[in-house]
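# Structural overview for review
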Amino acid sequence: MDARDFITTGLSAERTLVVPAERTVGHFVPGMPMVYATPMMILEMEMASGDAIRDRLQPGWVTVGTEVDIRHLAAALVGSTVRTTARVIEVGRRVIRFEVEAFEGARKIGEGRHARGLINVAKFEERLGAR
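Residues numbered from 1 in each chain as written. Predicted model: local features only at pLDDT ≥ 70, side-chain atom pairs only at ≥ 80, totals over all residues. Heavy atoms only, no water.

Let's shift gears to the side chain of N120. Relative to the helices and strands, N120 resides in strand β5 (residues 107-120). A polar contact is formed between the side chain of N120 and the backbone nitrogen of A122, at a distance of 3.2 Å. Engagement of the side chain of N120 in a polar contact is seen with the backbone nitrogen of K123, the distance being 3.0 Å. Beyond its immediate stretch of four places on either side in the chain, N120 contacts G60 and W61. (Helix = DSSP H or I, 4+ residues; strand = E, 2+ residues; numbered from the N terminus. Polar contact = N/O pair within 3.5 Å; in protein donor to acceptor, adjacent residues only side chain to side chain. Contact = heavy atoms within 4.5 Å.)

Structure follows, in structure tokens:
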């Protein structure tokens, strides 16, 4: 399957999250501040990217994260509302690239690029089972 046949540049999605204590660096690392953790921001960016193209995928096909190049620009406190966006900027045969951003209100708190690889779930699981 060739992603270029059904995914186009410009497809986008947005997610909103009220930062819970469980998504802070202080939750994972005792003694650290209770601010939105970078890996949790990246998770939302990846999920927004998947959301942007999910409806275009054929049954039995999904995308998985393959690359992240993210800058975490500013802290967000517990209870802050964070909006994460993803927009398709490049489509290859099996790789889709996204521009991703995160905002607390109008303030940008994260930005970067993300790539997702197109896989057939059954074939992927078959390969894993052969190990």
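Scanning the model with the defined rule gives 14 salt bridges in all. A salt bridge links R23 to E44, with the shortest nitrogen-to-oxygen separation between them at 2.8 Å. Of the two residues, R23 sits in the loop between β1 (12-18) and α1 (25-28) while E44 sits in helix α2 (residues 38-53), which places them 21 residues apart along the sequence. You'll find R23 and E44 in the same group, each marked buried. Residues participating in the shared-partner salt-bridge network are R15, R23, E44, D51 and R54. (Salt bridge = Lys/Arg side-chain N within 4 Å of Asp/Glu carboxyl O. Buried < 20%, exposed > 50% of the residue type's maximum accessible area, 1.4 Å probe, protein only.)

Let's shift gears to the pairing of strand β3 (residues 81-91). A regular strand places its side chains so that they alternate between the two faces of the sheet. Judged from the 7 bridges that link them, β1 and β3 form a sheet pairing that is antiparallel. Bridge assignment links L17 to a residue of β3, and that residue is V82. Sheet analysis places β3 next to strand β4 (residues 95-104), joined by 9 bridges and oriented antiparallel. Bridge pairing links R83 to F103 in β4. Linkage of β3 to β4, two consecutive antiparallel strands, is achieved through a turn of 3 residues. (Pairing = 2+ DSSP bridges.)

The next thing to look at is the environment of V78. Positionally, V78 belongs in the loop between β2 (61-72) and β3. Taking relative accessible area as the criterion, V78 reaches 41% and is therefore assigned partly exposed. Taking the C-alpha atoms as reference points, V78 and D51, 27 residues apart in sequence, are found 24 Å from one another. Setting aside anything within four residues of it in sequence, one finds V78 in contact with V19, P20, A21, T24 and M34.

Our focus in this paragraph is the nonpolar core. In terms of nonpolar packing, the biggest core is built from 29 residues, with I7, Y36, I53, V88, I96, F98 and I109 touching the most fellow members. Counting residues per element, the ones that place at least two in this core are β1, α2, β3, β4 and β5. If one sorts the elements of this core by residue count, α2 sits on top with 6 residues. Residues within four places of F98 in sequence aside, it is in contact with S49, A52, I53, A86, R87, V88, I89, G112, R113, H114 and R116. (Core = buried A, V, L, I, M, F, W, Y, C linked by side-chain atoms within 4.5 Å.)

What follows deals with the environment of M1. As for its position among the elements, M1 is in the segment before β1. Under the relative-accessibility criterion, M1 is labelled partly exposed at 32%. Taking the C-alpha atoms as reference points, M1 and A122, 121 residues apart in sequence, are found 14 Å from one another. Excluding its chain neighbours within four sequence positions, the residues that come into contact with M1 are F6, Q58, W61, R93, R94 and L118.

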